[in-house]
Amino acid sequence: MADDGSASLEFITAGVLLLVPLVYLVSALSVLQGAAFAAEGAARQAARVFVQSESIEQGAASAEQAVAIAFSDFGITDGIAPIEYSCDPLPDACLTRAGHVTVTVRVSVPLPLLPSFLGRENSGGIPFVATATQTVSRFHS
């Protein structure tokens, strides 16, 4: 019986070979899901604070701060693109009563544990885009 005890060794070897990619997959998916949640929350909160502001400049500053906080809550500090705003019905007057402000947030998140020789700094990461629209109060001053 030369094969006695080899089943446990084969089980451990196969288990480790299957477990390592599975752990990486779970790790990568958690980073990507966190980026998706962060982008969506950042866009929603930026639109909310923008429409509650007294001026467009104050709204833009508040929205920038809201986006920074939302991304920092998820540990994302790099790859954040500038916020894009669009206003309806008057593109030049964002805080028109009963108007709509749309905020678009973009972020690019690299995959975890990707070595530099595979081009991490050149890959740009996985892009995420989130858009949120809020209505300016009809009682806005």
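Preceding block: the structure.
What you see is a predicted model, and the numbers here were worked out from it, not measured in a lab. (Residues numbered from 1 in each chain as written. Predicted model: local features only at pLDDT ≥ 70, side-chain atom pairs only at ≥ 80, totals over all residues. Heavy atoms only, no water.)

### Focus: the side chain of Ser53
Checked against the element boundaries, Ser53 lands in the loop between α1 (6-51) and α2 (56-73). Residue Ser53 is classed as buried on the basis of its relative accessible area of 3%. A polar side-chain atom of Ser53 sits 2.8 Å from the main-chain carbonyl oxygen of Val49. Engagement of the side chain of Ser53 in a polar contact is seen with the backbone nitrogen of Gly59, the distance being 3.5 Å. The contact partners of Ser53, leaving out residues within four places of it in the chain, are Gln58, Gly59, Ser62, Leu95 and His140. (Helix = DSSP H or I, 4+ residues; strand = E, 2+ residues; numbered from the N terminus. Buried < 20%, exposed > 50% of the residue type's maximum accessible area, 1.4 Å probe, protein only. Polar contact = N/O pair within 3.5 Å; in protein donor to acceptor, adjacent residues only side chain to side chain. Contact = heavy atoms within 4.5 Å.)

### Quick word on the sheet that holds strand β3 (residues 126-135)
Strand order in the open sheet formed by three strands is β1-β2-β3, and the pairing between neighbours is antiparallel. A strand with exactly one partner marks an edge of an open sheet, and here the two such strands are β1 (84-88) and β3. The mean angle between the axes of side-by-side strands here comes to 15°, regardless of whether they run parallel or antiparallel. Sheet topology places strand β2 (residues 100-109) next to β3; 10 bridges connect them, and they run antiparallel. Across the sheet, Val105 pairs through a bridge with Ala130, a residue of β3. (Pairing = 2+ DSSP bridges. Axes fitted to C-alpha atoms, helices over the stretch in contact; angles between N-to-C directions.)

### A closer look at the environment of Ile69
For Ile69, the position within the fold is in helix α2. Remark: the alpha-carbon pair of Ile69 and Ala38, spanning 31 residues in sequence, is separated by 9.5 Å.

### Looking at the state of the cysteines
One pass over the structure, following the stated rule, counts one disulfide. Between the sulfur atoms of Cys87 and its disulfide partner Cys94 the distance amounts to 1.7 Å. Judged by the torsion about the S-S bond (70°), the Cys87/Cys94 disulfide is right-handed. Note on Cys87: relative accessible area 12%, which makes it buried. (Disulfide = S-S within 2.5 Å.)

### Some words on unusual backbone geometry
The step from Asp88 to Pro89 runs through a cis peptide bond, and the omega angle for that step is 15°. The topology assignment puts Pro89 in the loop between β1 and β2. Notably, Ala98 is not glycine yet its phi reads approximately 60°, a positive angle. With respect to the element layout, Ala98 can be found in the loop between β1 and β2. Overall, Ala98 belongs to the partly exposed group, its relative accessible area being 44%.

### Considerations on the packing of α1 against α2
Where α1 contacts α2, the two axes come as close as 8 Å, and the packing angle between them is 155°. Accordingly, the angle class assigned to the pair α1 and α2 is roughly antiparallel. For the pair α1 and α2, the sense of crossing is right-handed. On α2, the residues that touch Ala38, Ala39, Ala42, Gln45, Ala46, Val49 and Phe50 of α1 are Ile56, Gly59, Ala60, Ser62, Ala63, Ala66, Val67, Ala70 and Phe71. Its residues placed into classes, the contact of α1 with α2 shows 13 nonpolar, three polar and no charged. (Parallel < 35°, antiparallel > 145°, perpendicular 65-115°, else oblique. Left-handed = near helix turned anticlockwise from the far one by under 90°. Nonpolar A, V, L, I, M, F, W, Y, C, P; charged D, E, K, R; others polar.)

### Things to note about a nonpolar patch on the surface
Together, Leu19, Leu22, Val23, Leu25, Val26 and Leu29 line one region of the surface with nonpolar side chains, adding up to about 560 Å² of accessible area. Here Leu25 is to be found in helix α1. Relative accessible area serves as the criterion here: at 46%, Leu25 is assigned to the partly exposed category. (Patch = residues over 30% accessible without salt bridge, like charges linked within 9 Å, V, L, I, M, F, W, Y side chains within 5 Å. Areas by Shrake-Rupley, 256 points an atom, 1.4 Å probe, with all protein chains shown as cover. Salt bridge = Lys/Arg side-chain N within 4 Å of Asp/Glu carboxyl O.)

That's the geometry; what it means functionally is another story.
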